[in-house]
Amino acid sequence: LAKTTQPISMDSYEGQEVNITCSHNNIATNDYITWYQQFPSQGPRFIIQGYKTKVTNEVASLFIPADRKSSTLSLPRVSLSDTAVYYCLVVKGLDSSYKLIFGSGTRLLVRP
Amino acid sequence: NAGVTQTPKFRILKIGQSMTLQCTQDMNHNYMYWYRQDPGMGLKLIYYSVGAGITDKGEVPNGYNVSRSTTEDFPLRLELAAPSQTSVYFCASSPRDRGANEQFFGPGTRLTVL
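Residues numbered from 1 in each chain as written. Chains lettered and ligands numbered in written order. Predicted model: local features only at pLDDT ≥ 70, side-chain atom pairs only at ≥ 80, totals over all residues. Heavy atoms only, no water.

## Focus: the overall build of chain A
Per the secondary structure count, chain A includes 0 helices and 10 strands. Reading chain A from its N end, one meets helices and strands in the order β-β-β-β-β-β-β-β-β-β. By the compact-globule yardstick of 13 Å for 112 residues, chain A fits well, its C-alpha radius of gyration being 14 Å. Projecting the C-alpha coordinates of chain A onto the three principal axes gives extents of approximately 45 × 30 × 20 Å. Residues counted as buried form 47% of the 112 residues belonging to chain A. Once local pairs closer than 6 in sequence are excluded, the contacts in chain A between residues at least 24 apart make up 56%. For chain A, the exposed surface amounts to about 5,600 Å²; the carbon and sulfur share of it is 51%. Once the 11 positive and 8 negative side-chain charges of chain A are each reduced to a mean point, those two points are 6 Å apart. (Helix = DSSP H or I, 4+ residues; strand = E, 2+ residues; numbered from the N terminus. Rg over C-alpha atoms; globule rule 2.2 N^0.38 Å. Buried < 20%, exposed > 50% of the residue type's maximum accessible area, 1.4 Å probe, protein only. Contact = heavy atoms within 4.5 Å. Areas by Shrake-Rupley, 256 points an atom, 1.4 Å probe, with all protein chains shown as cover. Lys, Arg positive; Asp, Glu negative; His and termini not counted. Charge placed at Lys NZ, Arg CZ, Asp CG, Glu CD.)

And the structure:
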């Protein structure tokens with residue numbers, strides 16, 4: 001069962017790039033890595049998902065090294081509205097029963 | 001599309017009471033999920049369903065029951081409410097071709113058991 005470990009909190013300033021790393025040492029061959037963002041009093045929102053190497057979308061980039069035991073979510077040029085909790089989630093492949101475990105997440109605070 | 005809707009938004013229950021949390025999605029997603037989130041904590045999976053008539057337990061199923069008679073609806077039943085069930089409950093859904101990777105979450109139901 002792939003469990004994830006993330007920093008509890010991070011601080012940044014507007015305009016900076018923020019990198020949040022997640023450790024998932026027990027990741028299995030069929031597992032994918034997914035990141036979600038959650039604002040207070042709202043449900044989580046999907047940000048990005050990847051299996052290996054690098055994935056980029058309009059919001060973020062996800063870097064996954066060859067051994068896949070960690071991943072790094074990169075948020076370019078953050079703004080105040082990026083203040084939120086970010087969750088790393090390892091998702092089993094489609095042919096497995098789902099054991100989805102969200103960790104405690106990383107609380108990102110973006111300062112002016 | 002309304003996406004994932006949950007009712008009620010808030011509820012206070014007395015110990016031992018029962019209630020059903022409603023969840024509906026209009027995206028024709030096969031997969032649906034129920035999570036609970038305690039203050040300052042991550043989400044814990046209670047139950048999930050990969051299609052109508054099929055449900056399975058997640059990490060914390062005790063004290064809850066679910067049913068999935070249609071693609072759209074996935075109600076969560078609390079029997080004999082206990083203070084430990086005070087939490088925010090989120091329902092989510094995802095399309096079959098994305099598996100559990102890209103889930104769409106509802107706004108949540110905040111439940112207090114006194």
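After presenting the structure, the write-up continues.
## Section: the side chain of B:Gln103
Residue position: B:Gln103 is located in the loop between strand S9 (87-94) and strand S10 (104-105). Judged by its relative accessible area of 2%, B:Gln103 is buried. Here the side chain of B:Gln103 touches B:Tyr35 through a polar contact of 2.9 Å, side chain to side chain. Only 3.0 Å separates the side chain of B:Gln103 from the backbone oxygen of B:Ala100, close enough to count as a polar contact. Those residues in contact with B:Gln103 that sit more than four places away from it in its chain are A:Tyr36, A:Phe46, A:Leu89, A:Leu100, B:Tyr33, B:Tyr35, B:Ala92, B:Ser93 and B:Ser94. (Polar contact = N/O pair within 3.5 Å; in protein donor to acceptor, adjacent residues only side chain to side chain.)

## Points about the sheet that holds strand S3 (residues 19-25) of chain B
All names here are of chain B. Judged by pairing direction, the sheet is antiparallel, and its 4 strands sit side by side in the order S1-S3-S8-S7 without closing on themselves. One side of each edge strand has no neighbouring strand; the edge strands of this open sheet are strand S1 (4-7) and strand S7 (64-66). When strand polarity is set aside, the average angle formed by the axes of neighbouring strands in this sheet is 20°. (Pairing = 2+ DSSP bridges. Axes fitted to C-alpha atoms, helices over the stretch in contact; angles between N-to-C directions.)

## Quick look at unusual backbone geometry
A cis geometry characterises the amide bond from B:Thr7 onward to B:Pro8, with omega recorded as -5°. Relative to the assigned elements, B:Pro8 resides in the loop between S1 and strand S2 (10-13). Of note, A:Arg77 is a non-glycine position whose phi angle comes to about 50°, a positive value. In this fold, A:Arg77 is placed in the loop between strand S7 (70-75) and strand S8 (84-91). The exposed category is assigned to A:Arg77, whose relative accessible area is 64%. Of note in the backbone geometry, B:Leu80 takes a positive phi value of approximately 50° without being a glycine. Mapping B:Leu80 onto the fold places it in the loop between strand S8 (76-78) and S9. What makes B:Leu80 exposed here is its relative accessible area of 66%.

## What to know about the interface of chain B and chain A
Interfaces are frequently sized by the accessible area removed from exposure as the parts join. The interface of chain B with chain A comprises 26 residues on the first partner and 23 residues on the second. At the surface where chain B touches chain A, the tally comes to 0 salt bridges. Linking chain B with chain A are 6 residue pairs in polar contact (both at pLDDT 80 or more), by the criterion used here. Of all elements in the fold, only strand S4 (31-37), strand S5 (43-51) and strand S6 (54-57) of chain B reach the threshold of two or more residues within the side of chain B that touches chain A. Each residue belonging to the side of chain B that touches chain A can be placed in one class, and the counts come to 12 nonpolar, 7 polar and 7 charged. (Salt bridge = Lys/Arg side-chain N within 4 Å of Asp/Glu carboxyl O. Nonpolar A, V, L, I, M, F, W, Y, C, P; charged D, E, K, R; others polar.)

Everything listed is a geometric property; what it means functionally is a separate question.
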